[in-house]
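The chain contents come next:
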Amino acid sequence: MPRKIGFIVVNSSSHEDNFTAKELMVHAPTVNGWRSNRLCSYPQHITLQLVERSRVRKLQLLAHQYLIPTKVEFHIGDSLPEASTAGFPGQLRRLGYVSLSDNEKTGFKARELKSVHVDAIGTYLRITFHKNHVNAYNHYSQVALVAINVLGDALDGNAFNTIVSELSPHLSPITEHTPAAGGSFSPLDDLAFDMYQDPEVAHIIRLLDQKKQDMVRQEKYEQAKNLKQAIADLQKVGERLARYDVEKRCAIEKEDYDLAKKKKEMMEEYRRSVYQQLEVHNLLDMTMVSHLPPPSNTCWTLQRKDQPVEVIQSPAEQHSPKTEIQRSPPSPEMSGEPEPLTEKAQREAGLPIEVYGENLVAGVYSKTWSYREDALLVVYRRLVEVSPSTPKEELRNMIRAAVFLVKKSLLDKVSSVFQASLKLLRLILSQLIPGLGLGRTEMTHCLEQTWSNLLSRTGDSAGRLRATASAFIQVMMCGLLQMIPGELVKPFKSNFPSRLAQSRAELLEKLLAELGTDNSGFTLDNVMTFCTAALEHSASTVRELAVRIILSMYQQHRGAVLSHLPPNDATARKNFLYKTLFDGFAKIDGKLVETQKGGGEQEGQREKEEIHSLQEQLAALKEITVGGAVIKLKSPLIMDTHLLCIFCGKKDESFTEDGLDLHYWKHCPMLRRCDECRQVVEISSLTEHLLGECESRSRFSQCPRCSEAVASEDLSRHVQGPACNREFCLTLSSHSAILCLLEALWSVYMWN
C-alpha cells in the first residue's frame, strides 16, 4: 500500500518572516505554512527532496484562504539541474499543473485541499506557483501554501533504468480519482487526518492501528474490533483537542490570556481522562506514547468537499490528466466557530439568539457534536453565575431560551450531548426556577416543553441512554418535584413501539410506588385508562406490567378499580389476563379463588361435565392426519399460578419474573421473533403482525390463495410454488384453531 513519504525542503524562491518553506515539513492543525515574500516576482517555487527515491502516487496541496496562486505546476526528477551527475539526467520532468479557485464564493474563509493522482518516479519534487488571484485581503500580491503531502512507494536504486521506458514524455501521469496500480491509501496518511488531529492523539491512533493489524494477522478478531472502536473514538477526541489548541493560539494572538489558560486546562483535563480510559481497557501503554511538541499555529482551518474542477493542459498533456478538489464551508472542528445558522433556524430560535447570541446558538445547531455539547455547557455556566438581583423579566427570558435549547438537545443521538442537556435541565428545575422565585408558571412551561422529548428517550435503542432518561425522570420528576405530567399516562395503541411502551409502563410502576395518586399527577382514572390500553398491547411484557400495576391500584382503591374493567363473568374470564386480574383481586380481598366463580353445586357439576367433554375431544384429536402428515398433540396441561407460561402453558419452578422473560424470548414454542423488526409475537398472529403492525409491513402482501403474509416481490413466485397449498393451509389452520381453543379451555378449567 502506498504510504506517506517524508521530505525536506531544499530551497524556495522567497519567503516572508515566520513563514519559511520549512514549515511545510510539519503537518498539524496549528502550522503556519509557507508564504512568499511581499510584492515578489513570479513564478515562485519550492523544491523538496524526498527521504528516499520513490514512485509518487498522490500529491495533496492545502491552499491558503486568500493568498492563492492562479495555478500550481509540478516537476519531478532524480537530481536538480544545477547538480547533474553522470548517469542521472539533470532535467526535471514536467507532470502538469492544476488551477486553484479564487475562493470568492466562500468569502475567503475556507481553504482548498487538492488531491492529485500521479504515477512518477524521482527524488526531487519542485512546486511552481504562478501569479496570485487578486482580492481585497491580499494587499501585497503574495501566494502561500499551508501544507503539502506526498504519498507513494519507496524504490531501490536499481529501479531507475525501468522508469525511462515506463514514462512517455507526451503522457501526463496525472489522473482523476483513479489511483495507479496498488493505489489504495490509508486514511491515516491523508493530509486531512493530520490537519484535523491533535499530533499526540494522531500518534496514538497510528500505534493502535498497527496493533489492530497485528490482531487481525493473529486472527484475534474481538481485540481487533475493540481497537477499531477505540480508534474511531480517539479520532473525535483528537479533533476536539486540535480545535481547543487552535482556539488557545488565537486567544494568545488576541492577548486574551484568561481564555488561553482556560483552553489549556480544558485540553489537559480532557486528554488525561481519555488516556485513563484507554489504560483501564488495556488499549494503551503510556510508555509507548511520545509527547510531541506542538508546532506553530494559524487560526485557519482545513476544509474538504468533493467538487470537480477543470484542469487546463498543454498540447503534450491532452491524455486523462485531471484532478479532484475538496471544498467545504468553514469547518467547526478547526475554525473555532460553528457553521452559520440557516434562515429557518434563525426564525425558530429567535429568543435564544437574542439572549445568548447567534454564535452560541449556532453551536447548538451545529453538525459537530462537540460544538453542541460545548454550547450547552456554556449556557449552564452562564446560568450558574446569574445574579439573584437580575430583573425577573430578564431571568424569565434566560430560562425560557435555555429550555428551548434543552428541548432540542434532548433528542440528540450523541450521549455526551444528551447528558449535557440533562445537566442543564436539572439546573433549571432544581435550582434556578425555585431559587430565583420564578413560580409554578415557569416550572409548568419547562415541563411542557421538555417532557415529551425526555419521555421518548426512555424507549431509546441504546440501553445506557434509556436507563439514563428513566433515572432522570424518577429522581428529578419524583424525588424533587413531586409531580408528573400527564404525558406519562397517556394511553397508546396496540402497535405502539414495544421498547417505549415497556419503558413507560416500568416507569409508571416505579413512580406509583413512590408517589401514589395523591397530588402527584397520577389519578385512578388516568392510570387505569393507561393500563387498560396496555392490556391490549402486542408485547407480552407490556401486558404483564399492566396487570401488575392494576393489582397494585386495587390494593389502594379496591372496588373503584372494577369500574374500569369488564364484569367478572364467564365471558371476561375467557381472556386469560382478565381472569388473572379477577383471581388476583380475590386473593387481595382474602377470598378463595373458587368463590369468585359463584360456587354452587349445580355450576360445579356443569364444570365437571364440560371438563369430561373436553377430555374426550382431546383424546379424539390426539392424532390427526393431514395430507399424509401426522400431527401429534401434547398432553393436557396442568397449570400453576406462579410457574406458568401464559402462551404455551408450560410450568416450571424456574419461571420467576426473570425466568419467564428468558422463556418468552428464547424457548416458548408459541412465540417467535419477527425477522423484520425483531419484535416477539405469538406465532398464531405472525401473519397479522407482518401485514398490520410490523415496521416493514409495507413490504408484505397477503397471499390470496393461502392467506399467508409474503414479501410483495415474491408473491407471484410463492403462488406458483409448493409452499402455497390452499387446502393444506385451510385444513391445518382449522385443526390448529380447534386444538388451540380446546387446550386453552382445558388449561383454564384445570387451573381453576
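Bear in mind the structure is a predicted one, so any value in this text is a computation, not a measurement. Once a new chain begins, its residue numbering starts again from 1 and follows that chain's sequence as written. In view of the model being predicted, local features appear only for residues whose pLDDT reaches at least 70, and side-chain atom pairs are presented and counted only at 80 or more, with totals across whole chains, interfaces and linings using the full set of residues. Hydrogen atoms and water are omitted, and side-chain values are computed over all heavy atoms in the structure.

## What to know about the overall build of the protein
Elements are defined by DSSP. Helices are runs of H or I of four residues or more, strands are runs of E of two residues or more, and each kind is numbered from the N terminus. In terms of regular secondary structure, the protein is built from 25 helices and 16 strands. With a 1.4 Å probe rolled over the protein chains alone, any residue whose accessible area is under 20% of its type maximum counts as buried; one over 50% counts as exposed, and the rest are partly exposed. Here the protein holds 752 residues, and 48% of them are scored as buried. Contacts are assigned to residue pairs with any non-hydrogen atoms lying within 4.5 Å of each other. Within the protein, counting contacts between residues at least 6 apart in sequence, those at least 24 apart form 68% of the total. Accessible area for the protein stands at about 37800 Å²; split by element, carbon and sulfur atoms hold 52% of it. Only the protein chains shown count as cover for residues, with accessible areas throughout obtained via the Shrake-Rupley method and a probe of 1.4 Å.

## Digging into helix H9 (residues 358-365)
Across the eight residues of H9, six count as buried, placing the element largely inside the fold. Leu360, Val361, Ala362, Gly363, Val364 and Tyr365 are the residues of H9 that are buried. Here the buried face of H9 lies against helix H7 (343-348), helix H8 (350-356), helix H10 (369-384) and helix H11 (392-409).

## Topic: unusual backbone geometry
Of note, the amide linkage connecting tyrosine 42 to proline 43 takes the cis form, showing an omega dihedral of 5°. Looking at the secondary structure, you find proline 43 in the loop between strand S3 (34-35) and strand S4 (44-63). One non-glycine residue, phenylalanine 108, lies in positive phi territory at about 60°. Topologically, phenylalanine 108 is positioned in the loop between strand S6 (93-99) and strand S7 (113-129). Its identity as a non-glycine residue notwithstanding, serine 141 has a phi of 50°, on the positive side.

## A word on the confidence of the model for the protein
Values of pLDDT, the confidence the predictor places in each residue, fall between 0 and 100. Scored by pLDDT, the protein comes out at a mean of 76, with 76% of its residues at no less than 70. Confidence, expressed as mean pLDDT per element, reaches its minimum in the protein at strand S9 (residues 306-309) with 32 and its maximum at S3 with 94. Segment residues 158-182: pLDDT under 50, and 54 contacts once partners within four positions in sequence are set aside and those in other chains are kept. Across residues 290-319, where pLDDT falls below 50, the model places 99 contacts with residues more than four positions away in sequence or in other chains.

## Details of helix H15 (residues 498-515)
For H15, which comprises 18 residues, the first-to-last C-alpha distance of 25 Å matches the rise-based estimate of 26 Å (1.5 Å per residue) to within 8%. Among the residues of H15, those classed as buried are Ser498, Leu500, Ala501, Ser503, Arg504, Ala505, Leu507, Leu508, Leu511, Leu512 and Leu515. With its phi angle positive at about 70°, glycine 516 sits one or two positions after the end of H15. The span one expects for a helix is its residue count, reduced by one, times 1.5 Å.

## Brief notes about the packing of aromatic side chains
Any Phe, Tyr or Trp ring, taking Trp's six-membered ring, that has another such ring centre within 6.5 Å forms a pair; planes under 30 degrees apart are called stacked, those over 60 apart edge-to-face, and the others tilted. Inspection of every chain in the model, using the stated rule, returns eight aromatic pairs. Between phenylalanine 492 and phenylalanine 496, the aromatic rings sit 4.9 Å apart at their centres with planes inclined by 5°, giving stacked as the arrangement. Here phenylalanine 492 falls in the buried class, since its relative accessible area comes to 8%. Look at phenylalanine 496 and you get partly exposed, because its relative accessible area is 21%. An aromatic cluster is present here, built from Tyr554, Tyr578, Phe582 and Phe585 joined pairwise through their rings. Between the NZ or CZ atom of arginine 457 and the centre of the ring of phenylalanine 418, over which it lies, the distance is 4.6 Å. The rule is short: NZ of Lys or CZ of Arg within 6 Å of the ring centre and within 35 degrees of the ring normal puts a charge over the ring.

## Overview of the environment of serine 494
Mapped onto the elements, serine 494 comes out in the loop between helix H14 (463-480) and H15. When the C-alpha atoms of serine 494 and leucine 535 are compared, they prove to be 8.6 Å apart, with 41 residues separating the residues in sequence.

## A short note on the pattern of salt bridges
Salt-bridge detection follows one rule: a side-chain nitrogen of Lys or Arg within 4 Å of a carboxyl oxygen of Asp or Glu. Evaluation of the coordinates by the stated rule reveals 36 salt bridges. A salt bridge links arginine 240 to glutamate 373; the shortest N-O distance between them is 2.4 Å. One end of the pair, arginine 240, is in helix H4 (residues 221-253); the other, glutamate 373, is in helix H10, with 133 residues separating them in the sequence. Note on glutamate 373: relative accessible area 13%, which makes it buried. A salt bridge links arginine 396 to glutamate 442, with the shortest nitrogen-to-oxygen separation between them at 3.2 Å.

## Side note on the packing of helix H17 (residues 540-557) against helix H20 (residues 576-588)
Simply put, an axis is a line fit to the C-alpha atoms, just over the touching stretch for a helix, and the angle between two N-to-C directions goes from 0 to 180 degrees. One can describe the packing of H17 onto H20 by two numbers: an axis separation of 10 Å at closest approach and a directional angle of 30°. Viewed along their axes, H17 and H20 adopt a mutual orientation that is roughly parallel. In terms of crossing hand, the pair formed by H17 and H20 is right-handed. For the pair formed by H17 and H20, the contact residues are Arg543, Val547, Ile550, Leu551, Tyr554 and Gln555 on the first element and Leu577, Thr580, Leu581, Gly584, Phe585 and Ile588 on the second. Its residues assigned to classes, the contact of H17 with H20 shows eight nonpolar, three polar and one charged. When describing relative orientation, an angle under 35 degrees is termed roughly parallel and one over 145 degrees roughly antiparallel, while 65 to 115 degrees is termed roughly perpendicular and anything else oblique. Crossing handedness: left-handed means the near helix sits turned counterclockwise from the far one by under a right angle, and right-handed means the same turn made clockwise. Polar here means any residue other than Ala, Val, Leu, Ile, Met, Phe, Trp, Tyr, Cys and Pro, which are nonpolar, and Asp, Glu, Lys and Arg, which are charged; Gly is therefore polar.

## Quick look at the nonpolar core
For the purposes of this section, nonpolar cores are sets of buried Ala, Val, Leu, Ile, Met, Phe, Trp, Tyr and Cys residues that join through side-chain atoms within 4.5 Å. Counting 104 residues, the largest nonpolar core has Leu234, Tyr356, Leu383, Leu424, Ile428, Ile550 and Val561 as its most contacted members. Looking at this core, the element that brings in the most residues is helix H12 (residues 415-435), giving 11 residues. Leaving out residues up to four positions away in the same chain, leucine 424 has contacts with Leu376, Val379, Tyr380, Leu383, Ala402 and Val406. Leu48, Val56, Val98 and Leu145 belong to the second largest nonpolar core, which has 30 residues in total.

## Section: the pairing of strand S8 (residues 144-154)
Among the 11 residues in S8, nine count as buried, and that is most of the element. In the sheet, strand S1 (residues 3-4) pairs with S8 via two bridges, with the strands oriented antiparallel. Within the sheet, the bridge partner assigned to arginine 3 lies in S8 and is glycine 152. Each pair of strands is called paired provided DSSP finds at least two bridges between the two strands. Sheet topology note: the S3/S8 ladder contains two bridges and is antiparallel. By the bridge assignment for S8, tryptophan 34 is matched with leucine 145.

## Section: the environment of arginine 543
Position of arginine 543 among the secondary structure elements: in helix H17. Residue arginine 543 is classed as buried on the basis of its relative accessible area, which comes to 10%. Sequence spacing of arginine 543 and threonine 532 is 11 residues, and the spatial spacing of their C-alpha atoms is 9.2 Å. Setting aside residues no more than four positions away along its own chain, arginine 543 makes contact with Ala534, Leu535, His537, Ser538, Leu577, Phe647 and Glu682. Side-chain polar atoms of arginine 543 contact the backbone oxygen of serine 538, separated by 3.1 Å. Between N or O atoms, a polar contact is any pair within 3.5 Å; within protein, one atom must be a potential hydrogen donor and the other a potential acceptor, and residues adjacent in sequence are included only when both atoms are from side chains.

## Structural notes on the side chain of glutamine 142
Inspection of the secondary structure assignment puts glutamine 142 in the loop between S7 and S8. Note on glutamine 142: relative accessible area 4%, which makes it buried. Among the polar contacts listed, one links the side chain of glutamine 142 to the backbone oxygen of serine 36, at a separation of 2.8 Å. Beyond its immediate sequence surroundings of up to four residues, glutamine 142 is in contact with Glu16, Arg35, Ser36, Asn37, Arg38, Tyr42, Leu67, Ile68 and Asn132.

## A look at the packing of H11 against H12
One way to put it is that H11 packs onto H12 with a least axis distance of 9 Å and a crossing angle of 150°. Judged by the inter-axis angle, H11 sits roughly antiparallel to H12. In this structure, H11 meets H12 at a crossing whose hand is left-handed. Residues Ile399, Ala402, Val403, Val406 and Ser409 of H11 pack against Val417, Phe418, Ser421, Leu424, Leu425, Ile428, Leu432 and Ile433 of H12. Classifying every residue of the contact of H11 with H12 by side-chain character gives 11 nonpolar, two polar and no charged.

## Section: the side chain of serine 370
Within the element layout of this structure, serine 370 appears in helix H10. Overall, the relative accessible area of 5% leaves serine 370 in the buried class. With residues up to four places along the chain from it excluded, the contact list for serine 370 reads Arg240 and Arg243.

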